[in-house]
Amino acid sequence: MPDFFVNGQPVHAEPGQTVMQAALAAGHFIPYFCWHPHLSVAGNCRVCMVEVEETGDKGGGGSWMEIACNMPVTEGMRVLTDSDAVRKRRKEILQFITLNHPVDCGICDKAGECTLQDYHYAYNGAPSASRDAKVHATKFFPLSSRITLDNERCILCSRCVRFTREVSKSHALGIQHRGDHSLIRPAEGARFDEDPYSDNVIDLCPVGALLSRSFLYQARVWYLQPTPSVCPGCERGCTVQLWHRKPEWRLQALDARRNTRIERVTPLENPAVNGPWICNKGRDLARLFERERATQAMLKGRAVTLDEALAAARALIAAARRPVALVSSWGSNEELAAFQAALGARLASFVKADRQPEPGERVADDLLIRPDKNPNGAAARALFGAVPAAFPPDTDLVLAWGEGADFGSLPRGAKTILLGAYLAPKNGHADVFVPISIQTERAGHYTNFAGVVSAFSPCFAKPEGVAHAADVFAALGVSKAVIA
Ligand code: SF4
Ligand code: SF4
C-alpha cells in the first residue's frame, strides 16, 4: 500500500489508486468536471491539475503539473492541490472552459447545483479574456422526448457519452465535429428514447446542458428540499431523493397543489442497492403518486365516516366463517407486521402483486430493473403465501389491501373490504371502502429482492379522511377503536 503526501500530509493509497481517488478518500478536495467515480477516466477538462514536487535524486525544488484523475500514486510522491501554481493553472483552464459558455445562469435549471458556476467563483471570477464573440450553438436540441440539450452550455466533458457506453450500454450518444464546433448528438441509428436509464445523464452533466423536459423551468432548486425515499417501481428498491417545495417557500397565492407536488426524483447513492443510478421509471414516480386520491370512506358507495367504515369492517370480519386477505406487496415492513399482528390469525392471507409491468416497459435487465414491479414482495412473501389459483367456494369475505385485486375472480356472494389510496370504480362496489395513505405520507421500510432494507420518510401530511393502513389493521384487530 503506497504512502504519499498531499499538501505535506501523509495519505494512504490502495494499490492502483490514482491521486484523485486517494486524495478525495482522505478528505483532500480536488475539483473535477469530466472525472466521475463510476465512469472511465477521460482526462479532458484538465481542471483537476495538481502540482507534483520532485523527490529523490531529482529533488531540487522543481515541480511539474499533472491531472490528478489519471496519475497513479507512487510511493513517496508529494502532491500540492492548492499551490499558487495550481490556482493559476485552474484560472487559465476556467477561462478556457467558459470561453464560449453563455452567461445564462439566471435562467438555467442547473443554477444552484452547477460546478462550473462554483469553480468559476472559487478559482477565476474574472470576466472573459477573449475579445472575440462567443461561438453560438443549438440552444434547445431535443435529445429525446425526456431530455433537452443546450449545446452552448456543454463543456464537452463527455460524461454523458461515457455513461451510454459504459453503464446503460445504449451507445446512444456521441460527439460530432471538432474544436469549438463539437456537438453532443445522438449516435447514428441509436434512439436515446429507448435507453431506460437515459435521465442519469441529467445528473451527470456538470453544467446545465442536459435538462429534464418535465422539470424544465418548474422550480429553482433552492426552493426545494429532498426527502430520502425508496422507489417502489420494482423489487430492486432503489434509494431516491424526492424533491418538493420547502415549507418556508410555500406558495400562498398561486396554485397551492404545487406545495404538495414531487418536483423531481434523483438517485440517493447506495452501493448496496443501486449505486449512483436509477432508471427513468423511478424518476416518473410523481405520475404514480399524484393520481387522484380516494379520501372518502364508503359502504357500498355511500359516504360514511372512517369510524363507521371500520365498525362495519369489524362486523364483517367477526361474522365471516372463511375470511381471506389479499396482502399488498406495496405495504411497508411495519404495515405487514401490523397486519400480521392484528389479523394474521383470523384471515387466510395471501400476497398479491399490486402492479404488473406497463406495456412497453423493460421488464428486467442486468443493471437495475427487476421483473417484480412491487417494492416489498420479498418481505410480504416471507410472511404469507401466494394467491391460490382459485379461492375455496365457501370463502365469504375478502379483505383486499392496495391495488391489483381482481374482484371478478372472487367467489360469488363474498363480502369485500377494500383498502385503497386512489380513485377507482371498484371502490364504490366494495361493501366497505377505507381510504389509506401512500408512501409519501408516512415513514417505513421496504426489503428488496436481495434482502437489503431501505427506509423512506414522509414528504407531506396525509389528506383529511385518510387513514394509515397500520392504524386500520390495529383498529380492525380489536373490538372497538377510533382512528385519528
Ligand atoms: S452535455 Fe453535459 S455531460 Fe454531456 S459532454 Fe456536455 S457538459 Fe458533459
Ligand atoms: S430499477 Fe426499479 S426500483 Fe430502481 S428506479 Fe427503476 S423501477 Fe425504481
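Student: Before we move on, could you go through the domain arrangement of the protein chain and cite the residues and values that matter?
Tutor: Domain boundaries assigned for the protein chain yield domain 1 (4–98), domain 2 (141–289) and domain 3 (298–483). Measuring from the centre of the C-alpha atoms in domain 2 to the corresponding centre in domain 3 gives 32 Å. Carbon and sulfur atoms supply 64% of the area buried between domain 2 and domain 3, which totals about 2600 Å² over both sides. A per-residue breakdown of the area domain 2 buries against domain 3 is headed by Glu235, Arg236 and Phe289, which together make up 29% of the total. Summed over the shared surface of domain 2 and domain 3, the result is two salt bridges.

Student: Can you lay out the packing of helix α9 (residues 333–343) against helix α12 (residues 469–476) for me, pointing to particular residues and giving the numbers?
Tutor: Helix packing for two helices is described by the angle between their axes and how far apart those axes are. Two numbers describe how α9 lies on α12: the axes approach to 8 Å, and their chain directions differ by 5°. By the angle between their axes, α9 is roughly parallel relative to α12. Within the contact between the two elements, α9 uses Glu335, Ala338, Phe339, Ala342 and Leu343 and α12 uses Ala469, Ala470, Phe473, Ala474 and Leu476. Tallied by class, the residues present in the contact of α9 with α12 amount to nine nonpolar, no polar and one charged.

Student: Outline the layout of surface pockets, listing residues and values.
Tutor: Remark: the empty space left among the atoms is shown by a probe the size of a water molecule rolled over them. Roughly 1200 Å³ of volume is contained in the largest pocket. Lining the largest pocket we find 44 residues, and of these Ile202, Asp203, Thr266, Pro267 and Arg283 sit closest to its centre. Listing elements by their share of the lining of the largest pocket, those giving two or more residues are α3 (115–124), α5 (200–204), β10 (210–212), β12 (239–245), β13 (264–267) and α7 (285–289). Residue classes in the lining of the largest pocket are distributed as 19 nonpolar, nine polar and 16 charged. For the lining of the largest pocket, the two domains that each supply at least three residues are domain 1 (4–98) and domain 2 (141–289).

Student: Give me the lowdown on the sheet that holds strand β11 (residues 224–230), citing residues and values where you can.
Tutor: Across a sheet, strands are paired by hydrogen bonds formed along the backbone, either parallel or antiparallel in direction. As summarised here, the arrangement of the three strands in space is β11-β12-β13, forming an open sheet in which the pairing is antiparallel. With one partner strand each, in any of the chains shown, β11 and β13 form the two edges of the open sheet. Neighbour-to-neighbour, the strand axes of the sheet open up by a mean angle of 30°, direction not taken into account. Pairing analysis gives four bridges linking β12 to β13, with the strands arranged antiparallel. Opposite Trp243, over in β13, you have Arg264 as the bridge partner.

Student: Talk me through α12; I want residue IDs and the actual numbers.
Tutor: Each α-helix turn comprises 3.6 residues. Residues three or four places apart therefore point the same way. When we look at burial in α12, the residues that qualify are Ala469, Val472, Phe473, Ala475 and Leu476. Along the long axis of α12, the arc covered by the buried residues comes to 165°, so they all point the same way. On its buried side, α12 packs onto α8 (306–319), α9, β19 (397–401), β20 (415–420) and β21 (432–435).

Conventions and cut-offs
By convention here, each chain's residues receive numbers from 1 onward along its written sequence. Labels follow written order: the first chain is A, the first ligand is 1, and so on. Residue-level local features of this predicted model are given only where pLDDT is at least 70; pairs of side-chain atoms are given and counted only at 80 or more, and the full residue set underlies all totals for whole chains, interfaces and linings. Excluded from the side-chain calculations are hydrogens and water; all other atoms, namely the structure's heavy atoms, are used. Annotation comment: domain bounds sourced from an automatic or database domain assignment. Buried area: the sum, over both parts, of the accessible surface (1.4 Å probe) that disappears when the two are put together. By convention in these notes, a salt bridge is any Lys or Arg side-chain nitrogen within 4 Å of a carboxyl oxygen on Asp or Glu. Lines fitted to C-alpha atoms define the axes, with helix axes restricted to the stretch in contact, and inter-axis angles between N-to-C directions lie between 0 and 180 degrees. Segments assigned H or I by DSSP are reported as helices when at least four residues long, segments assigned E as strands when at least two residues long, and all are numbered from the N terminus. Reported orientations rely on four angle classes, namely roughly parallel under 35 degrees, roughly antiparallel over 145, roughly perpendicular from 65 to 115, and oblique for the rest. A contact between two residues is defined here by any heavy atoms of the two lying within 4.5 Å. Three residue categories are used. Nonpolar comprises Ala, Val, Leu, Ile, Met, Phe, Trp, Tyr, Cys and Pro, charged comprises Asp, Glu, Lys and Arg, and polar comprises the others, including Gly. Cavity: a set of points on a 1 Å grid over the protein atoms alone where a 1.4 Å probe fits but cannot get out. Pocket: an open set with protein on both sides within 12 Å along at least five of seven lines, its lining residues, like those of a cavity, having an atom within 4 Å of a point. Grid points are joined across faces, edges and corners, and a volume is the space filled by probe spheres set on the points. Strand pairing is assigned whenever DSSP detects at least two bridges linking the two strands. Relative accessibility thresholds used throughout: buried, under 20% of the residue-type maximum; exposed, over 50%; partly exposed, between the two (1.4 Å probe, protein chains only). Throughout, the arc means the angular range of directions from the helix axis out to the C-beta atoms.

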